[in-house]
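# What the coordinates show
Residue strings, one per chain:
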Amino acid sequence: MYGDTDAMRRRAGQLREQGAEVRALADRLVAQVDALDWSGRAAVALRARVRERAGLLRSCAGQHENAAESLERHLAEVDRLKDSIAGIERRAGSLVAEDPALRDRFTPPPPGHKAWLTISLPGL
């Protein structure tokens, strides 16, 4: 059987939240350093370094968002295939019930198995 797509959607939401938190952290760090009442070469160097690191944090946040989007696309495809499998199972069940000769010749795959996508029955 396949994974719990609802649980994985929650995980995608968590990835988005983590990305937003990391982005907010980057923004806070830059704001805090910019708010320092400090000047000179060391202050300029610190601000530059913090902005550089904040850029890396924002990139990390973007990767979280990309991962969430990829996971959601994958889950949509999994749900689509699960629906197709269920439909084929129902139609095959009806065909076998209507034709006693098929009952003897057809060995169905396990319920929900991806092998349902490749079965060949007359009328499917």
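This text goes with the structure placed above it.
Summarised in this report is the structure supplied together with it. A quick note: this is a predicted structure, and the numbers were derived from the prediction, not measured.

Scoring rules and cut-offs
Residues numbered from 1 in each chain as written. Predicted model: local features only at pLDDT ≥ 70, side-chain atom pairs only at ≥ 80, totals over all residues. Heavy atoms only, no water. Helix = DSSP H or I, 4+ residues; strand = E, 2+ residues; numbered from the N terminus. Rg over C-alpha atoms; globule rule 2.2 N^0.38 Å. Buried < 20%, exposed > 50% of the residue type's maximum accessible area, 1.4 Å probe, protein only. Contact = heavy atoms within 4.5 Å. Lys, Arg positive; Asp, Glu negative; His and termini not counted. Charge placed at Lys NZ, Arg CZ, Asp CG, Glu CD. Salt bridge = Lys/Arg side-chain N within 4 Å of Asp/Glu carboxyl O.

The subject of this paragraph is the overall build of the protein chain. The helix and strand tally for the protein chain stands at three helices and zero strands. Secondary structure elements of the protein chain, listed N to C terminal, follow the sequence α-α-α. In summary, the protein chain has a C-alpha radius of gyration of 27 Å against a globular reference of 14 Å for 124 residues, an excess of more than 25%. Seen through its C-alpha atoms, the protein chain measures out along the principal axes to roughly 90 × 20 × 15 Å. For the protein chain, buried positions account for 25% of its 124 residues. Counting contacts in the protein chain only where the partners sit at least 6 residues apart, residues at least 24 apart contribute 68% of the total. Placing the 20 positive and 18 negative side-chain charges of the protein chain at their respective mean positions leaves the two points 6 Å apart.

Okay, the pattern of salt bridges next. Pairing between side chains becomes possible if they bear opposite charge and their charged atoms approach one another. Per the stated rule, a full pass over the model turns up seven salt bridges. The salt bridge involving Glu 65 is made with Arg 23; its shortest N-O contact spans 2.7 Å. Placement of the pair is Glu 65 in helix α2 (residues 41–98) and Arg 23 in helix α1 (residues 5–34), with a sequence separation of 42 residues. Classification of Arg 23 by relative accessible area gives partly exposed; the value is 28%. In this structure, Arg 80 and Glu 77 form a salt bridge, with 2.7 Å as the shortest nitrogen-oxygen distance. Highlighted residues: Arg 80 and Glu 77, both in helix α2, separated by three residues, approximately one helical turn.

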